[in-house]
Amino acid sequence: MNRKMIGSHKHGWLVDNEKREFVYFDLLSLFEKMQGKPSKHVISYADIDYIRIDYSLVDPVKGMGSTTLILEVHKNNGEIESVPIFTFAVERKDYNEFIQVLKDSQLKIVDPQKCLDLILESQELIGTIISQLIKKAREVTS
């Protein structure tokens with residue numbers, strides 16, 4: 001498998017090792033659409049220095065937390081694009097395939113917490129894995 005898309009063309013992510021590009025489809029607000037903000041972001045592999053893997057826990061409404069995997073795309077020109085991949089919107093099988101295609105891309109991936117490997121190797125829910133990483137990080141800093 002050389003390409004994998006998760007989500008949709010309205011809000012999703014595509015790793016394409018054939019075209020050697022990473023594509024992010026942003027879900028725009030009406031205001032952003034009216035401003036002419038593009039919803040499709042294409043980043044050529046040639047423009048990418050490395051991708052750093054991060055994660056977060058968002059608590060949007062009444063304690064209903066949502067975990068997010070974040071791909072920080074560090075470009076050769078010094079720009080950084082932060083691309084969130086929400087765990088609630090993606091089937092586990094698709095998530096794993098996406099990660100595997102990303103790892104097969106030959107892009108330099110910096111993953112200090114080994115988050116991608118933990119997701120691929122574990123049967124735990126992705127949200128649980130990310131929550132455990134956050135808890136472990138908090139214990140280290142306290």
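Structure first, text after, so check above.
Residues numbered from 1 in each chain as written. Predicted model: local features only at pLDDT ≥ 70, side-chain atom pairs only at ≥ 80, totals over all residues. Heavy atoms only, no water.

Participant: How should I be thinking about the pattern of salt bridges in this particular structure?
Facilitator: Any two side chains of opposite charge can pair, given that their charged atoms come close. Summed over the entire model, instances satisfying the criterion amount to nine salt bridges. Notably, a salt bridge pairs Asp26 with Lys37, separated by 3.5 Å at the nearest N-O pair. Of this pair, Asp26 sits in the loop between strand S3 (21-25) and helix H1 (30-34) while Lys37 sits in the loop between H1 and strand S4 (40-44), and the two are 11 residues apart along the sequence. Residue Lys37 is classed as partly exposed on the basis of its relative accessible area, which comes to 34%. With a closest N to O distance of 3.6 Å, Glu79 and Lys75 form a salt bridge. The class for Glu79 is partly exposed, based on a relative accessible area of 43%. (Salt bridge = Lys/Arg side-chain N within 4 Å of Asp/Glu carboxyl O. Helix = DSSP H or I, 4+ residues; strand = E, 2+ residues; numbered from the N terminus. Buried < 20%, exposed > 50% of the residue type's maximum accessible area, 1.4 Å probe, protein only.)

Participant: Looking at this structure, how should I read the sheet that holds strand S1 (residues 3-7)?
Facilitator: Two orientations exist for strands paired in a sheet by backbone hydrogen bonds: parallel and antiparallel. Across the sheet, which stays open at both edges, the four strands sit in the order S1-S2-S3-S4 with antiparallel pairing between neighbours. Here the strands that pair on one side only, and so sit at the sheet edges, are S1 and S4. Recorded for the sheet is a direction-independent mean angle of 10° between the axes of neighbouring strands. Note that strand S2 (residues 12-16) and S3 share five bridges and pair antiparallel. Its bridge partner lying in S3, Leu14 is registered against Val23. (Pairing = 2+ DSSP bridges. Axes fitted to C-alpha atoms, helices over the stretch in contact; angles between N-to-C directions.)

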